[in-house]
Amino acid sequence: MPMTSQTDYPSVVDHQFINNQWVPSAGTRLLDVMNPFREERIAQVTAGDAADVDAAVKAARQAQPAWQALGGNARAKYLEGVADTLEARRDSIITLSATNNGKPLAEAGIDLDDAIACYRYYAGQARGLDARQGELVSVEMEGVEARTYHDPVGVVGLIAPWNFPLVTSAWKLAPALAAGCAAVLKPSEVTPLPERVLAEIALEIGLPAGVLNLLNGDGEGIGAPLTHHADVDKISFTGSNRVGEAVMQAASARTASVSLELGGKSPILVMEDADPAQAADWVMAGIYFNAGQICSATSRLLVHESVAEGLYAALAERMDVLTLGDPLAEGTDLGPLTSAKQRDAVQCYLDIAEQEGLTVVRDEQHRSLPEKGYFLAPTLYRDVPVESRLWKEEIFGPVLCGRSVASEAEAIKLANDSAYGLAATVISGDPERAKRIGRQLKAGSIWYNSEQLVLPETAWGGFKRSGVGRELGPWGLSAYLEVKHVIGPA
Ligand code: NAD
């Protein structure tokens, strides 16, 4: 694997992608884009502003009717074109993504491969949509004919976070385009480089002008004007609860539809009949993947008291051999956190843990960190009180909090005792028991004897404060469609 941080990315991007052209941004500020491993600036992008949003929304509005009129079969070909081109550029994209995001190459590969799978899946859904148009509805009233149609919502604003740039944008863009919507996509200002490739691909595959517009900028310059824009029919947002609530408020002023994919504090339940080594592997995968910067990280461990000591010992053993280092180097398990801001936010929780006197199994005392880079040591606390902020709040870093439970009922009760409900994992030697427990958990994705298994065909989204709506599967397509009935005499 290459050991270089060099990319073919231009060092200053002060243009926005609107109507299939790179046009100078109306914004005057530039934002630094960092390599979090080297703590070096690798590029600058425009902060963009409301005039950019206006131009992009106008282009999308103009393009949308013809894109809708093309039909699902024709739109599917473009989605396949996106998938094929991403695949053809795989090596350079994952190097760019790992460099900008700090995730190890293997994880950058997963981000890209899952995005590719999503574009392919929604190509299939676009084709299926044509066949569903005008379906007869069975009605009791005699002499009446009713048919169902699925119209695109229209112009959609898609706002993405930095932790999985390619996949979080694919989960929005692919179904939106499949449905016949025209989009304004705003990547995170922290990781704008991987998604920029999508604009290049739009030109390469000849996507009609205005169907995809991509705006660089931050929340103030682009995010807020996009969510407030009177001519945007829907906002789909993935990110923090704080911003998600602002997005919902902005959309409510014009009764625009919103989908929100927000934070999580997901539990992992290890029952007394679990295979100890396998359980330890899944617990590790659930929290230290992407340095814990995953909305669905299983960051609350509920372990049966009879197997707790063995599990903590097995976890400590595994944590001691994790390799922290260069995301581009082979064998790296954990890269740095993606930004200095995120590293500092997680550090605040480590400071709180110290003040609260939490019991440490592993922390920075147990390993040395690379000299440079926004690294934090993988950390594990046990016997964490349920009142602790570390137990209740999303940390979004490599920090696992554990508690022992005396029974299955207690495990379920504690698992559900959270403001969030994005995901949960159940590990048991008896798969039927694991499934039964899973059915009692309040979360959108329940994994049993597995971890972070997310497939394009299955829905993604949260109960409670983890969000509103679902992405992926047919539900993800419905989020970009309006249902319409045409009814009259038969
Ligand atoms: P964030 O809320 O800070 O930013 C997300 C996006 O919103 C960025 O593009 C940002 O520029 C933009 N934004 C900021 N202020 C805005 C405003 N006022 N109006 C509109 N847009 C604005 O989140 P983040 O730090 O990028 O991502 C981490 C968070 O995302 C975590 O809470 C994580 O759980 C969540 N997340 C959720 C999912 C999911 O599927 N549920 C997936 C990934 C990340």
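Our subject is the structure that appears above.
Summary of the structure given here.

Cut-offs applied
Residues numbered from 1 in each chain as written. Predicted model: local features only at pLDDT ≥ 70, side-chain atom pairs only at ≥ 80, totals over all residues. Heavy atoms only, no water. Helix = DSSP H or I, 4+ residues; strand = E, 2+ residues; numbered from the N terminus. Rg over C-alpha atoms; globule rule 2.2 N^0.38 Å. Buried < 20%, exposed > 50% of the residue type's maximum accessible area, 1.4 Å probe, protein only. Contact = heavy atoms within 4.5 Å. Areas by Shrake-Rupley, 256 points an atom, 1.4 Å probe, with all protein chains shown as cover. Lys, Arg positive; Asp, Glu negative; His and termini not counted. Charge placed at Lys NZ, Arg CZ, Asp CG, Glu CD. Polar contact = N/O pair within 3.5 Å; in protein donor to acceptor, adjacent residues only side chain to side chain. Pairing = 2+ DSSP bridges. Axes fitted to C-alpha atoms, helices over the stretch in contact; angles between N-to-C directions. Salt bridge = Lys/Arg side-chain N within 4 Å of Asp/Glu carboxyl O. Near = heavy atom within 4 Å. Nonpolar A, V, L, I, M, F, W, Y, C, P; charged D, E, K, R; others polar. Right-handed = clockwise from strand over helix to strand, strands pointing away. Core = buried A, V, L, I, M, F, W, Y, C linked by side-chain atoms within 4.5 Å. Expected span 1.5 Å × (residues − 1). Bend = angle between axes of the 7 residues up to and from the residue.

1. Comments concerning the overall build of the chain
- Along the backbone of the chain there are 15 helices and 23 strands.
- The C-alpha radius of gyration computed for the chain amounts to 23 Å, which stays within 12% of the reference 23 Å derived for 490 residues, consistent with globular compactness.
- Dimensions of the chain along its principal axes, counting C-alpha atoms only, are 70 × 65 × 40 Å.
- When the 490 residues of the chain are sorted by exposure, 57% land in the buried category.
- Excluding contacts between residues fewer than 6 apart, the proportion of contacts in the chain whose partners are at least 24 apart in sequence is 73%.
- Looking at the chain as shown, the accessible area adds up to about 19,300 Å², and 52% of this sits on carbon and sulfur atoms.
- Between the centroid of the 42 positive side chains of the chain and the centroid of its 63 negative side chains there is a distance of 4 Å.

2. Side note on the environment of Gln293
- Considering the arrangement of structural elements, one finds Gln293 in the loop between helix H9 (276-288) and strand S14 (298-304).
- The exposure class of Gln293 is buried, given its relative accessible area of 1%.
- When the C-alpha positions of Gln293 and Ala60 are compared, they lie 32 Å apart, and in sequence the two are 233 residues distant.
- Those residues in contact with Gln293 that sit more than four places away from it in its chain are Trp162, Asn163, Phe164, Pro336, Leu337, Thr338, Gln342 and Phe396.
- Within the structure, Gln293 has its side chain in polar contact with the backbone nitrogen of Thr338 (distance 3.0 Å).

3. Quick word on the sheet that holds strand S23 (residues 481-489)
- If you walk across this open sheet you meet the 3 strands as S6-S7-S23, and the pairing is antiparallel. For this open sheet the edge positions go to strand S6 (135-136) and S23, each flanked by a neighbour on one side alone.
- Contacting S6, strand S7 (144-152) and S23, helix H4 (residues 105-132) runs over the sheet at an angle of about 155° to S7.

4. Re the sheet that holds strand S1 (residues 12-13)
- Strand order in the open sheet formed by 3 strands is S1-S5-S4, and the pairing between neighbours is mixed. With one partner strand each, in any of the chains shown, S1 and strand S4 (30-35) form the two edges of the open sheet.
- Here S4 runs beside strand S5 (residues 40-46); their pairing, made up of 6 bridges, is antiparallel. In the sheet register, Asn35 faces S5, and the bridge partner there is Glu40.
- The sheet contacts of helix H3 (residues 90-101) involve S4 and S5, and relative to S4 the element is tilted by about 105°.
- Contacts between helix H6 (residues 192-204) and the sheet are confined to S1, S4 and S5, with S5 contributing the most and set at about 45° to the helix.

5. Concerning the side chain of Asp111
- Locating Asp111 in the fold gives a position in helix H4.
- Here Asp111 occupies a buried position and makes no salt bridge, while the nearest side chain of opposite charge, Lys103, is found at 4.9 Å.

6. Observations concerning the site of the ligand
- Taken together, 26 residues surround the ligand, and among them Ala160, Glu189, Ser240, Leu262 and Glu394 come closest.
- Residue Glu394 places a side-chain N or O atom 2.6 Å away from an oxygen atom belonging to the ligand.
- Within the side chain of Trp460, an N or O atom sits 2.8 Å from an oxygen atom of the ligand.
- When the free accessible area of the ligand is taken as 850 Å², the share hidden by the protein chains comes to 88%.
- Of all the secondary-structure elements, those providing two or more residues to the shell around the ligand are helix H7 (219-228) and strand S11 (234-238).
- With 3 residues, the top contributor of residues to the shell around the ligand is H7.
- Looking at the shell around the ligand residue by residue, the class counts come to 13 nonpolar, 8 polar and 5 charged.

7. Concerning the pairing of strand S8 (residues 155-159)
- By the criterion of burial, S8 is predominantly enclosed, with 5 of the 5 residues buried.
- Burial along S8 is two-sided: the face carrying Val155, Gly157 and Ile159 and the face carrying Val156 and Leu158 are both buried.
- The β-α-β motif built from S8, the intervening helix H5 (residues 165-179) and the parallel element strand S9 (residues 182-186) has right-handed crossover chirality.

8. Section: the nonpolar core
- Counting residues in each nonpolar core, the largest one holds 99 residues, and the members touching the most others are Leu86, Tyr119, Leu301 and Leu315.
- Residue contributions to this core peak at 12 residues, all from H4.
- If near-sequence neighbours (up to four positions away) are discounted, Tyr119 is found in contact with Leu79, Val82, Ala83, Leu86, Ala170, Leu173, Ala174 and Leu198.

9. So, the pattern of salt bridges
- What the rule picks out here adds up to 27 salt bridges.
- Ionic pairing is found between Asp32 and Arg41, a salt bridge with its closest N-O pair at 3.4 Å.
- With its nearest N and O atoms 2.8 Å apart, the salt bridge here joins Arg382 to Glu309. Placement of Arg382 in strand S16 (residues 379-382) and of Glu309 in helix H10 (residues 308-320) is noted, with a sequence separation of 73 residues between them.
- By relative accessible area, Arg382 is classed as buried at 17%.
- Looking at Glu309, the relative accessible area reads 52%, which means it is exposed.
- Each of Glu272, Asp273, Glu408, Arg433 and Arg436 takes part in a single network of salt bridges with overlapping partners.

10. With respect to the environment of Cys295
- Inspection of the secondary structure puts Cys295 in the loop between H9 and S14.
- Its relative accessible area of 21% is what places Cys295 among the partly exposed residues.
- Sequence spacing of Cys295 and Gly263 is 32 residues, and the spatial spacing of their C-alpha atoms is 5.4 Å.
- Leave out the neighbours within four places in its chain, and Cys295 touches Asn163, Leu262, Gly263, Gly264, Glu394, Phe396, Leu422 and Trp460.

11. Some points on helix H1 (residues 50-70)
- Across its 21 residues, H1 extends 30 Å between first and last C-alpha, which sits within 8% of the 30 Å expected from 1.5 Å per residue.
- Within H1, the axis deviates most sharply at Gln64, by approximately 35°, and proline Pro65 lies no more than four positions further along.
- Every buried residue belonging to H1 is among Asp52, Val53, Ala56, Val57, Ala59, Ala60, Ala63, Gln64 and Trp67, and all of these are buried.
- The N-cap of H1, judged by a side-chain oxygen 2.9 Å from the amide nitrogen of Ala51 a few residues on, is Asp49.
- The first or second residue beyond H1 is Gly71, which carries a positive phi of 90°.

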